[in-house]
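Take a look at the letters that make up each chain.
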Amino acid sequence: MRLTKLGHACVQLTEDDRTILIDPGSFSEAGDALAAADAVLITHEHFDHFDPDALRAAMAERPELEAWTSRAVAENLADLGGRVHQVGHGDAVTIAGFDVHVYGEDHELMHPDLPPIPNVGFLVDGEVFHPGDALTVPSEPVPTLCLPGNAPWMRALDLYEYTREVRPGRAFAIHDGLLNDIGLQVMERVLTSAGDELGKEFARLTPGTSVDLAAK
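Read on for a plain summary of the structure.

Criteria and thresholds
- Residues numbered from 1 in each chain as written.
- Predicted model: local features only at pLDDT ≥ 70, side-chain atom pairs only at ≥ 80, totals over all residues.
- Heavy atoms only, no water.
- Salt bridge = Lys/Arg side-chain N within 4 Å of Asp/Glu carboxyl O.
- Helix = DSSP H or I, 4+ residues; strand = E, 2+ residues; numbered from the N terminus.
- Buried < 20%, exposed > 50% of the residue type's maximum accessible area, 1.4 Å probe, protein only.
- Expected span 1.5 Å × (residues − 1).
- Arc of directions from axis to C-beta.
- Contact = heavy atoms within 4.5 Å.
- Core = buried A, V, L, I, M, F, W, Y, C linked by side-chain atoms within 4.5 Å.
- Pairing = 2+ DSSP bridges.

Counted by the stated rule, this structure contains nine salt bridges. Note that R204 and E188 form a salt bridge whose closest N and O atoms lie 3.5 Å from each other. Separated by 16 residues along the polypeptide, R204 in strand β13 (residues 201-204) and E188 in helix α5 (residues 181-198) bring together distant segments of the chain. Judged by relative accessible area, R204 falls into the partly exposed class, the value being 22%. We classify E188 as partly exposed; its relative accessible area is 31%. By sharing partners, the salt bridges in this structure join K5, D176, E188 and R204 into a single network.

Quick look at α5 now. Over its 18 residues, α5 runs 26 Å from end to end, which matches the ideal 26 Å to within 8%, given 1.5 Å per residue. Here α5 has its buried residues at G183, L184, M187, V190, L191, A194, G195 and L198. Relative to the axis of α5, the buried residues are bounded by an arc of 135° and lie together on one face. The exposed residues of α5 that point more than 90 degrees off its buried face are D181, I182, R189 and D196. Residues of α5 that are buried in the fold lie against β11 (144-148), α4 (156-166), β12 (170-174) and β13.

Our next topic: the nonpolar core. Counting residues in hydrophobic clusters, the biggest one holds 24 residues, and the most contacted among them are L13, I20, L41, F122 and V124. Every element with two or more residues in this core is listed here: β2 (11-15), β3 (18-22), β4 (39-42), β8 (98-103), β9 (121-124) and β12. Of all the elements, β8 adds the most residues to this core, at three residues. Apart from the residues lying within four places of it in its own chain, the contact partners of L13 are M1, R2, L3, R18, T19, I20, I22, F98, V124 and V128. Counting 21 residues, the second-largest nonpolar core is a separate cluster that includes Y103, M154, L159 and M187.

Turning our eyes to something else, we now look at the pairing of β11. Across the five residues that make up β11, a large majority, five, are buried. Relative to β11, strand β10 (residues 128-130) runs parallel, the two sharing two bridges. In the sheet register, F129 faces β11, and the bridge partner there is L145. Pairing geometry for β11 and β12, over five bridges, is parallel.

What follows is about helix α2 (residues 52-61). Of the positions making up α2, those classed as buried are L55, A58 and M59. For α2, the buried positions fall inside an angular range of 95° around the axis, keeping them on one side. Exposed residues on α2 whose side chains face more than 90 degrees from its buried face are D53, A60 and E61. Of the surrounding elements, those touching the buried residues of α2 are α1 (31-36), β4, β5 (66-69) and β6 (84-86).

Structure (structure tokens):
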């Protein structure tokens, strides 16, 4: 499997001639990948993960393209009918030939007086887990974690505690689109420290960078 980061929280996963795209939001550089994907997975409704206009345009252009997502996003795309599939915690589905297990229910809290929105994470082929905007711990091993590196709802302490709970084989930072160069340097130091603590490889991928997971 090959993992490519396409900016902020968007990653592309490719195996042989099959490709899925996760969270091609408005901060990502996912236009070409969206035009070529076999399927799209959306963790939740926030604009940095879900660009409804771009997704609708891609699905209008390619009638075979389908999406799997949380309840709120599925409701937003209800006019697309059976091409949009709502999934929830505990679901196990086959998407474009990938085995996908769904974990998580809620986005991390953003405001003390507001309930969380729905958020689902995707574990693909038992290899890559993308949690969206939640610190969800799957009930099975996570060889490769797409690790949120920065968010309004997240502290450095959360990153350490989350990686200690998940104990991934390796982690690649996502969700870093809000950071300037100084912030990225700080995040990378925290990321490296968390990886060293577990004796694992934790790294940040720049947009467009690919990793051959089988070769790591």
